[in-house]
Amino acid sequence: MSAPTRRLTTAQALVRFLSAQYTERDGVRRRLIAGTWGIFGHGNVAGVGQALLEAGEDVMPFHQGRNEQSMVHAAVGYARQLNRLSAQAVTTSIGPGATNLVTGAALATINRLPVLLLPGDYFATHSADPLLQQLEHPVEADVSVNDTLRPVSRYFDRITRPEALIPSALQAMRVLADPAETGAVTLALPQDVQAEAYDWPEEFFAERVWYVRRPAPDPVELTAAVEAIRSAERPLIVTGGGVHHSEAESALKAFVDATGIPVASTQAGKGSLRHDHPADLGGIGHTGTAVSDDLARTADLVIGVGTRYTDFTTASGTLFQNPDVRFLNLNITAFDAHKLAARTLVCDARSGLERLLEALSGHRVSEAYEAAYRAGKERWDEVVEAAYRADDESAVPTQTQVLGALDAAVGDDDVVINAAGSLPGDLHKLWRSRSPRQYHLEYGYSCMGYEIPAGIGVQQAAPGTPVWALVGDGTYLMMPTEIVTAVQEGLPLNIVLIQNHGYASIGGLSEETGGERFGTAYRFRAADGTFTGAPLPVDLAANAASLGMDVLRAKTVRELREALATARASDRPTCVYVETDPAPTAPPAEAWWDVPVAETASREAAVEARERYDRQVAGRRRHL
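Residues numbered from 1 in each chain as written. Predicted model: local features only at pLDDT ≥ 70, side-chain atom pairs only at ≥ 80, totals over all residues. Heavy atoms only, no water.

Given a rise of 1.5 Å per residue, 13 residues ought to cover 18 Å, and the 19 Å separating the end C-alpha atoms of helix 23 (residues 557-569) matches this to within 8%. Taken residue by residue, helix 23 has V557, L560, A563, L564 and A567 as its buried positions. For helix 23, the angular spread of the buried residues around the axis is 115 degrees, confining them to a single face. Contact partners of the buried residues in helix 23: helix 16 (399-409), strand 20 (467-472), strand 21 (494-499), strand 22 (550-554) and strand 23 (574-579). (Helix = DSSP H or I, 4+ residues; strand = E, 2+ residues; numbered from the N terminus. Expected span 1.5 Å × (residues − 1). Buried < 20%, exposed > 50% of the residue type's maximum accessible area, 1.4 Å probe, protein only. Arc of directions from axis to C-beta. Contact = heavy atoms within 4.5 Å.)

Let us now look at the side chain of Q267. Among the secondary structure elements, Q267 is positioned in the loop between strand 13 (263-265) and strand 14 (280-283). On the accessibility criterion, Q267 (7% relative accessible area) is buried. Beyond its immediate stretch of four places on either side in the chain, Q267 contacts T287, P424, G425, H428, Y439, L441 and Y443.

The volume enclosed by the second largest pocket comes to roughly 260 Å³. H275, D280, K377, D381 and R432 are, among the 21 residues lining the second largest pocket, the residues nearest its centre. Of all the secondary-structure elements, those providing two or more residues to the lining of the second largest pocket are strand 14, helix 15 (367-388) and helix 17 (423-430). Looking at the lining of the second largest pocket element by element, the count peaks at five residues for helix 15. (1 Å grid on protein atoms, 1.4 Å probe; cavity = no way out; pocket = protein on both sides within 12 Å on 5 of 7 lines; lining within 4 Å. Points joined across faces, edges and corners; volume = space filled by probe spheres on them.)

Below, the discussion takes up the packing of helix 1 (residues 10-19) against helix 6 (residues 165-177). The N-to-C vectors of helix 1 and helix 6 enclose an angle of 35 degrees; their axes lie 11 Å apart at closest approach. Handedness of the crossing formed by helix 1 with helix 6: right-handed. Packed against helix 1, whose contacting residues are T10, L14, F17 and L18, the element helix 6 presents L165, A169, L170 and M173 at the interface. (Axes fitted to C-alpha atoms, helices over the stretch in contact; angles between N-to-C directions. Left-handed = near helix turned anticlockwise from the far one by under 90°.)

The biggest cluster of nonpolar side chains holds 77 residues, and the ones touching the most others in it are I229, I237, F255, L356, W468 and L470. With six residues, the top contributor of residues to this core is helix 15. Once you skip the residues sitting within four places of it in the chain, I237 turns out to touch L252, F255, V256, I261, P262, V263, A264, I303 and V305. V90, Y450, A454 and A541 belong to the second largest nonpolar core, which has 45 residues in total. (Core = buried A, V, L, I, M, F, W, Y, C linked by side-chain atoms within 4.5 Å.)

Right, here's the structure in full:
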């Protein structure tokens, strides 16, 4: 007797299949693909579009976007808020709709966050060849623009026959649900195949649960790790995003409470401990705190937990200066665990910390070391208070005073989102995280335009949670379009829009590296052809209002505080617009970052910058 089948198009079968996929960890089950974002064109409207319509909202919720890149950002924000246990799909037409996915896919994969991409593709039969928006390659007929997604995807396939979907769909779910493999997954869908019918085995649509593993450390590695920690006099923990993804915050706190080992955090790891925990030293690296970076320079053992050690964390190889420093990396991926020639614990962050705590029973750092880092933390807390303080509430706020006002306005569970510009550095140094998911910095790709769509994804994942997207004028102008989506969906997203008339962070970097702030200000051309004229008469607040937001303009610190309180209490999408005093008030960088400077130049600024660069680069070392 033949197995039962169901006749559906490939797109209809894919939607039905996705609706029956679940993850489970620690006994909690979630839909793996909880909804689909889409913009329709000729490459998907009659395939995936028709399939979503036929399935209905109960089977697969649909979210209407305005830009394909921002739809991926929204899906990434959603997945991060839910610790990678649930994801969303994004469907596009062929051509520009598909290539607009590339930036978002790179962001997802770099940050190890799951998103399913479903771009339309050329006709598999080549019956219409070339079709509208098809890239023709003279010697490789199977190449399409979707191949640009290959290097930024953790799994890629082009589904050229209906039955080929079955193994590829299963592989796609495996990768999305695997914490060691996850990232962007692409199933390119030729538009004729999307609409082609096939007799699918009913078993393909059965409910499947993908168990998210918590692998324990290998006993041999665990023994070596315990020995390394016991013999260290100045150990330092560096936490990354893996702590959050594993929901290991409580395990980390128990480990730190027992051992007294201090914690510094990357951008992705900030909030692993509450800011007021005596062992939480704040950010580390180029945008880190003085106490974190001072300890990093003298640490004899650096314990990385769920971090991939970007150049911001290591200060481009100049931070960890103790000649005897060694590394112990606890990471679920062997690729990251082996960085910096480290001893490794390839395991889940929570499982690894729990096993280490058991094996280190009775071990604690010296009282002198503990007293020293606590004193450093107290000194840094005074720096934060000074940066946040506004003695004159009738004055135009500085950027750090904006953060101080926001710090006073938010609750413990509010989510603050940022990605690019000068804000990430100020936030990493100064923000006082009160809960594991409050600090949401996308700094793996530092993608301008991420914040607003990501805020929508976070609000979808955590209804009722106040969400704040912090954007400068440069970032806002990149991708404000999803404001329309927030208005359409009735999501009370809060945007804090800071106007400083240009690319402020790159302007500062340009000045430091001999570029003299070239091309970084939003100004009219002057008579000499340079962009040094008057500021452009751009009204970003009016733009946000035109897209449907409530807009509150704040000219002083007092007005800013009032506007933030009003925004938090509102059930409407609300923008707080503020022009800031450009005078720098953030603490200076406590560690270097390598941005190469011209080796030969005729301009004095570049010559002097190269001299500074040569002095700094001499301190770089390889940890072998």
